[in-house]
Amino acid sequence: MKIFVVNTGSSSLKYQLIDMEGEKVVSKGLVERIGAEGSSMTYNNNGGKKQVVERLMENHADAMKLVFEVLTDKETGVIKDVSEIDAVGHRVVHAGEKYNGSVLINEDVVKALDECSFFAPLHNPPNIKGIRACQEVLPDIPMVGVFDTAFHQTMPDYAYMYALPYELYEKYGIRRYGFHGTSHRYVSAVAMELLGKKNSKIITCHLGNGASVAAISNGVSIDTSMGHTPTGGLIMGTRCGDVDPALIPILENIEHLSSKQIDDVMNKKSGMLGVSGISNDFRDLEDAFHHGNMRAKLALEMFDYRLKKFIGAYIVALGGLDALVFTAGIGENDYETRYEACKNMEFLGLYLDVEKNKSTKGELAEISLPESKVKVYVIPTNEELMIARDTKCIVKEMEKKSEEVVVE
Ligand code: AMP
């Protein structure tokens, strides 16, 4: 079974074609600058050399057509015809309270996701464009939606409600939703396998340019750091994370900023970039810190401290901890951040293997000492694989149901 996994942004389209026999990536690529000058596609087939195609692509449909040209190219392609693709899995950011798991896409689902564009105006519309562009090329192939918010739909109301007038929740659905759900679900499932039990208390730290922490009890998300939007929670590359909400009217007054401008400041000019004035990238910041830059030092210390506070809060929320998991760009690669997060945690029975931590970069590893009661894992995330697995599962179920109908 071959599954095509799609993740569309406002001007980008990322894809993977996965052969579910052995879960092997047959082709992966990225189209960038859709609708702008200099649009191009970078891809590689069968893990081979990176290839680049430069072509003007006015919209996501053009981008999708190019992807399928590349996949079916007579000489360099990986499939003879699009009919070799059995199903498509789409990453969609926001499904509101509508879906708590992945679903087969039909017109009602697209309509519901379109309604959720209210919550994620920058993400859901391009995700829907991706679905439409795919339907043009593959009109008869089943498609599945996998949602970033779905995994966190298990949070109890006292964890997801804000202390705002209740009517705002009733009228507009204003509440914490949480994001990175597919990643938290994937790495927590791997951690449960490593622990050898589902009955477990796990904290997953997805630390990339966007960052969030989740508290997972027996495989179920009970709290997470991002909020109604992905701006809340941890300090991120360019996002501020949690700040005093009363700062917004203050900023309006003193800096004469509109709400759109404040949104821009909080999402694009804050976080590690805003504090350091140097970069949003941890590699640049650590380099600057080791060369004595005090603002890089401050930004890193702020990040570590905020992360630690969330971990502490979630240990209490979970009533203990079996495993702490690090994933995504920083979590998988940056031993200094992991070290800081695990420092002085011996009182909990968490003993980091300092050398193992230092030598672990981008691969699955247990980085706690054997005697550590709390296990610490680095688990590379794989959202595409999770999407492909969900897609396979839903398509198989659909096939089974239609067989049952025929039998009856
Ligand atoms: P992601 O959003 O998961 O792709 O993560 C991207 C971020 O990971 C970058 O902005 C860097 O801050 C961080 N990162 C990636 N590679 C490294 C590395 N080798 N060391 C430290 N940080 C890294």
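Figured I'd write up the structure that's included with this text. (Residues numbered from 1 in each chain as written. Predicted model: local features only at pLDDT ≥ 70, side-chain atom pairs only at ≥ 80, totals over all residues. Heavy atoms only, no water.)

### Let's talk about the overall build of the protein chain
- Tallying secondary structure elements over the protein chain gives 15 helices and 14 strands in all.
- Since a compact globule built from 408 residues should have a radius of gyration of about 22 Å, the 22 Å found for the protein chain is in line with a globular shape.
- Considering only C-alpha atoms, the protein chain reaches an extent of 60 × 55 × 50 Å along its principal axes.
- Of the roughly 19800 Å² of accessible surface on the protein chain, 52% is carried by carbon and sulfur atoms. (Helix = DSSP H or I, 4+ residues; strand = E, 2+ residues; numbered from the N terminus. Rg over C-alpha atoms; globule rule 2.2 N^0.38 Å. Areas by Shrake-Rupley, 256 points an atom, 1.4 Å probe, with all protein chains shown as cover.)

### Re the sheet that holds strand β13 (residues 365-366)
- With mixed pairing, the 6 strands of this open sheet are ordered in space as β11-β10-β9-β12-β14-β13. The sheet terminates laterally at β11 (220-224) and β13, the two strands that pair on one side only.
- Sheet analysis places β13 next to strand β14 (residues 375-378), joined by 2 bridges and oriented antiparallel. For Glu366, the partnering residue across the bridge sits in β14 and is Tyr377.
- Packed on one face of the sheet, helix α11 (residues 294-318) meets β9 (201-207), β10 (211-217), β11 and β12 (323-327) and runs near 155° to β9.
- Strands β9, β12 and β14 of the sheet are contacted by helix α13 (residues 335-342), whose axis makes an angle of about 155° with β12. (Pairing = 2+ DSSP bridges. Contact = heavy atoms within 4.5 Å. Axes fitted to C-alpha atoms, helices over the stretch in contact; angles between N-to-C directions.)

### Some thoughts on the site of the ligand
- Near the ligand you find Gly208, Asn209, Asp281, Phe282, Arg283, Ala328, Gly329, Ile330, Asn333, Asp334 and Lys361, and these make up its full shell.
- Asn209 is positioned such that a nitrogen or oxygen atom in its backbone is 2.9 Å from an oxygen atom of the ligand.
- In the model, an oxygen atom of the ligand is placed 2.9 Å from a nitrogen or oxygen of the Gly329 main chain.
- Coverage of the ligand by the protein chains reaches 73% of its 500 Å² of free accessible surface.
- A molecule is said to occupy a pocket when more than half its atoms come within 2 Å of that pocket's grid points, and by this definition the ligand occupies the second largest pocket.
- Secondary structure elements with two or more residues in the shell around the ligand: α10 (282-290) and α12 (328-333).
- If one sorts the elements of the shell around the ligand by residue count, α12 sits on top with 4 residues.
- For the shell around the ligand, the class distribution of residues is 3 nonpolar, 4 polar and 4 charged. (Near = heavy atom within 4 Å. Polar contact = N/O pair within 3.5 Å; in protein donor to acceptor, adjacent residues only side chain to side chain. 1 Å grid on protein atoms, 1.4 Å probe; cavity = no way out; pocket = protein on both sides within 12 Å on 5 of 7 lines; lining within 4 Å. Sits in = over half its atoms within 2 Å of the grid points. Nonpolar A, V, L, I, M, F, W, Y, C, P; charged D, E, K, R; others polar.)

### Re the pattern of salt bridges
- Following the criterion strictly, the structure yields 17 salt bridges and no others.
- The partner of Lys65 in a salt bridge is Glu136, and the shortest N-O contact between them spans 3.9 Å. A residue pair is termed long-range when its members are at least 10 positions apart, and Lys65 in helix α1 (residues 60-71) and Glu136 in helix α3 (residues 124-137) qualify at 71 residues.
- A relative accessible area of 52% places Glu136 in the exposed class.
- Across the pair Arg283 and Asp281 runs a salt bridge whose closest N-O atoms are separated by 2.8 Å.
- Each of Lys260, Asp264 and Lys268 takes part in a single network of salt bridges with overlapping partners. (Salt bridge = Lys/Arg side-chain N within 4 Å of Asp/Glu carboxyl O. Buried < 20%, exposed > 50% of the residue type's maximum accessible area, 1.4 Å probe, protein only.)

### A closer look at the layout of surface pockets
- Counted as a void, the second largest pocket has a volume near 400 Å³.
- Taken together, 15 residues line the second largest pocket, and the ones lying closest to its centre are Asp281, Phe282, Arg283, Gly329 and Asn333.
- Elements with a minimum of two residues in the lining of the second largest pocket: α10 and α12.
- A per-class count over the lining of the second largest pocket returns 3 nonpolar, 6 polar and 6 charged. (Points joined across faces, edges and corners; volume = space filled by probe spheres on them.)

### Observations concerning empty space enclosed by the protein
- Applying the stated criterion across every chain yields a total of 1 cavity of 30 Å³ or more.
- Estimates place the volume of the largest cavity at around 40 Å³.
- Grouping the amino acids of the lining of the largest cavity by side-chain chemistry returns 8 nonpolar, no polar and no charged.

### A short note on the pairing of strand β5 (residues 51-54)
- Pairing analysis gives 4 bridges linking strand β4 (residues 40-45) to β5, with the strands arranged antiparallel. Looking at the pairing, Met41 lines up with Val53 of β5.
- Hairpin connection from β4 to β5: 5 residues lie between these consecutive antiparallel strands, with Asn46 at a positive phi of about 50°.

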